[in-house]
Structures are given as structure tokens and as C-alpha cells.
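# Structural description and commentary
The residues making up each chain are set out below.
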Amino acid sequence: MQRSEKNALFMKVCLNLARRGEGRTSPNPMVGAVIIRAGRIVGKGYHPKAGQPHAEIEALKDAGKAALGAEMWVNLEPCNHWGRTGPCTDAIIKSGIKRVFVGMEDPNPRIKGKGIAKLRKNGLLVKLGVMETECRRLNESYSKFIRTKTPWVILKAAASLDGKTATRTGQSRWISGELSRRYVHRLRGKVDGILVGVNTIIKDDPLLTARLPGKRVRDPVRIVVDSKLSIPLTSQVLNLKSEAVTIVATTGRASPKKQKKLKQMGAKILTVRSDKGMVNLPALMKKLGALNITSLLIEGGSTINASALSSGIVDKIICFYAPRIIGGRQSPGMVGGSGAETLDQAIILEDLRVKRLGEDVLIEGYVKR
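All residue numbers refer to position in the chain's written sequence, counted from 1. pLDDT decides what is reported in this predicted model: residues at 70 or higher carry local features, side-chain atom pairs at 80 or more are listed and counted, and totals for whole chains, interfaces and linings draw on all residues regardless. Remark: hydrogens and water are excluded; side-chain values derive from all non-hydrogen atoms of the structure.

## Remarks on the sheet that holds strand 14 (residues 316-322)
Strand order in the open sheet made by the nine strands is 10-9-8-7-13-6-14-16-15, with mixed pairing throughout. Of all the strands in the sheet, the pair left with one neighbour each is strand 10 (268-271) and strand 15 (349-357). Each neighbouring strand pair of the sheet contributes to a mean axis angle of 20°, computed without reference to strand direction. A pair of strands is labelled paired if DSSP reports no fewer than 2 bridges between them. Numbering of helices and strands starts at the N terminus; helices are DSSP runs of H or I of at least 4 residues and strands are runs of E of at least 2. Bridge count for strand 8 (residues 221-225) against strand 9 (residues 246-250) is four bridges, and the pairing is parallel. For every element, the axis is a line fit to its C-alpha atoms; helices are fit only across the contacting stretch, and the angle between N-to-C directions ranges from 0 to 180 degrees.

## Things to note about the nonpolar core
Nonpolar core, defined: a set of buried Ala, Val, Leu, Ile, Met, Phe, Trp, Tyr and Cys residues in which side-chain atoms within 4.5 Å join the residues together. Only protein chains enter the accessibility calculation, which uses a 1.4 Å probe; a residue whose area is less than 20% of its type maximum is buried, one above 50% is exposed, and one in between is partly exposed. Residues I35, W73, I92, I97 and V100 are the most contacted members of the largest nonpolar core, which totals 39 residues. Of all elements in the fold, only helix 1 (3-18), strand 1 (32-37), helix 2 (55-63), strand 3 (71-76), strand 4 (99-104), helix 4 (114-121), helix 5 (132-138) and helix 6 (140-148) reach the threshold of two or more residues within this core. If you look at the next biggest cluster of nonpolar residues, it comprises 26 residues, including L284, L288, L296 and V314.

## A closer look at the side chain of S331
By the secondary structure assignment, S331 is in the loop between strand 14 and strand 15. For S331, the contacting residues outside a window of four places in its chain are K164, A166, T167, R168 and I326. Here a residue-residue contact requires only that any non-hydrogen atoms of the pair lie within 4.5 Å.

## Section: helix 11 (residues 302-311)
Those residues of helix 11 lying buried are I304, N305, A306, A308 and L309. Against the buried residues of helix 11 lie strand 6 (152-160), strand 7 (193-197), strand 8, helix 10 (281-290), strand 13 (295-298) and strand 14. One or two residues past the end of helix 11 sits G312, with phi positive at roughly 80°.

## So, the state of the cysteines
When two cysteine sulfur atoms are found within 2.5 Å, that pair is recorded as a disulfide. Here the structure, examined in full by the defined rule, presents zero disulfides. Left unpaired, C88 is separated from the closest cysteine sulfur, that of C79, by 3.7 Å. Take C88: its relative accessible area is 0%, and that puts it in the buried class. Not engaged in a disulfide, the cysteine C135 finds its nearest cysteine sulfur in C14; these two sulfurs lie 7.8 Å apart. C135 gets classed as buried once you look at its relative accessible area, which sits at 0%.

## Overview of the environment of V31
When you line up the elements, V31 lands in the loop between helix 1 and strand 1. Put simply, V31 and R19 are twelve residues apart on the chain and 7.8 Å apart in space, counted from C-alpha to C-alpha. Look past the residues within four positions of V31 in its chain and what remains in contact with it is A18, G45, Y46, H47, A55, E56, V74, N75 and L76.

## Let's talk about the packing of helix 2 against helix 3 (residues 88-95)
The N-to-C vectors of helix 2 and helix 3 enclose an angle of 25°; their axes lie 9 Å apart at closest approach. Viewed along their axes, helix 2 and helix 3 adopt a mutual orientation that is roughly parallel. As helix 2 runs across helix 3, the sense of the crossing is left-handed. Touching E56, I57 and L60 of helix 2 are C88, A91, I92 and S95, all from helix 3. Think of it as three bins: nonpolar holds Ala, Val, Leu, Ile, Met, Phe, Trp, Tyr, Cys and Pro, charged holds Asp, Glu, Lys and Arg, and polar takes everything else, Gly as well. For the contact of helix 2 with helix 3, the per-class residue count stands at five nonpolar, one polar and one charged. Any angle that is under 35 degrees is reported as roughly parallel, and any over 145 degrees as roughly antiparallel; angles of 65 to 115 degrees are reported as roughly perpendicular and all others as oblique. Less than a right angle of anticlockwise turn of the near helix away from the far helix marks a crossing as left-handed, whereas a clockwise turn marks it as right-handed.

This is how it looks when you write it as C-alpha cells:
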């Protein structure tokens, strides 16, 4: 086996280990680590939850004395500072590891380059950039949050082949199939928050929780954009038994009496500056970032989708296309608003991936900046 193939093989193990922490490590990154001696895995670990030991520490603990003279693979640069846990670089140096293969540099200014520099200063050989693209994709929400203090935003939609999200009478359940809906619930369990407009609450009264058969999945924080506080007090999102809070984002136009009632029901009110009477979404992202919400899934209708896209907050789009034609001028599409006047004003997606989910087709891509 070539060295590059070996590096990729062990980094894939790291990435698979790291994914075990999905939905639980925020605001920390997902990290996996493996220790190899004589071509055999002697230790492995991953970061299970924010505040708990890092992947490198777990892998060293698993390897024990076998770490002496061994090599380590880790998808993110080891930390070199004290936080809720000690520096991973110190533990790696003390263990006798002789070489470290790193997927990507940590974008956190407190760590960036410093962890690698410390390892090299203490005589360890370090190779940076092993499967870097895959490593960056795994922690794309962490990377954006560290740089901007705002969440990584995914816009999700389900539509017919002709781009309709409902019939002209408003029926939308269910356009997509069961496998697509399960995919969405798994995605909900991975993100910190799920955002909808108040019209979705009024029309569909959704739960906005993560539900998978036979599995206990962490619920995301529910965020309702409601500039005038027109949300019904009987809405399911206000009357749930869930560990996750419901946030209602509103403006200064909202009724103080309604705000007080919502707070009494356990909701958190965020007052955001308005833009033409509506909640300013970039300003809301800053407030959500201050609450350590690092990733956000938008599951709204055409109005909130249009606002999110036009405001520039969306990073990634996931769309499920079902094999049906709905038709009709009055049937809503995925994105409302005034739209682009010319094709060169259209939003372009790049790095597209296409996947079959039962009868549906999943298309996902990144908004080109």
C-alpha cells in the first residue's frame, strides 16, 4: 500500500469516529483520532460532547503504553491551550508519539498553527493536509462560526419536479417520501437550531423536533421569525415537552403583553432590529451566534426562503425533488419574493451532489459567493 493510500485510509477512520459526536459537540468541532503502531490500530477515540475529553486524549488512553514510538492521525489540529480540558499537544508529546498526521489546521485564532508548531518544536514530525477537503466539510459549521460568530445556515426544501412545494389549496403533506423525511429528521438532530417563519406555524402547526423510529435524537432549538408576534398560543412549538427551547424572534413592534405571555409559557424572546417592518435576518444570525448556535436549518416556506437567500445568510441548500408534477399558477414554489431580474443575478450553487432516496432525488450544493 502506498503511503498516500495509507494516510487516507487512517484519516477515513478518524472522520468516521468524529461523526459519532454529531449533534453533541457544538460549539466545539467534531474530531476523531487513531494511533497506529506497526500498521495496526492500537488506540482510537473521538470527542463525544463539549466539555468532555478530546479525541486525542481518548485515543492515547485507549493505546496506553503502545503509544510510545507510534503515529497518530487526527482530522483537526490538536489544541495547545487550556479550556475546559488540558492541551492535547502536551499529552501527545508526553506519550512518546513520534509522528502526527493532521487533516486541517484549526481556524480558531487561539490554536491556528500553534498546536502544530508546538509538536514540531518538541521533535515530532507533522504532516498537514491529509484529506483536507473532507476534513473541512465535516466541520464546516464550526469553521464558519469561529470566523464570523454566526451560524452555518442550511436551507432545506421539498418540491415536485416542477418546483412546487404545495398544491393551490395549500396541501403539502407529503410531497417527499419516507426516506427523505427520515433524512431531514437525522439532519435536525445534527444542527443546533431549526428556523421557520410564523406563517409556517400558523398554516402547518409543526412540532419542529427530531424524530427517528427507535432512536433518541436531540431536539434542535426552535426559532420562529415573527415580526408582529402573531404566533397562536396553542401552537405545538409553544406546548412541547422538549429539552430544547423555543425562540421567537420579533421586532420592536411586538406587543409587550404578548411577549410576557410567551415568556410565561417558556419561550425566549429575541427582539431584533427591523428591515422594512420585518425581522432583519443578518442581525438575527448575530444574536443566535451569541447564544452559541453554530448551525441552523431553515425549513420555512417561500417567503422566509426568499428573505434568507436575498439577505445572504444561506451557506448550503438541500432540496428533495419528488417524482410528481403539481402545476398551477397559484401553487407556491420554493422561493417567493420578487426574484432575479436577469440570469446573472440568480443565485448559483457549486460543488453539487446528487443522491437517490427511494423515489426522490436529493440535490445539495453550496451557495457561490
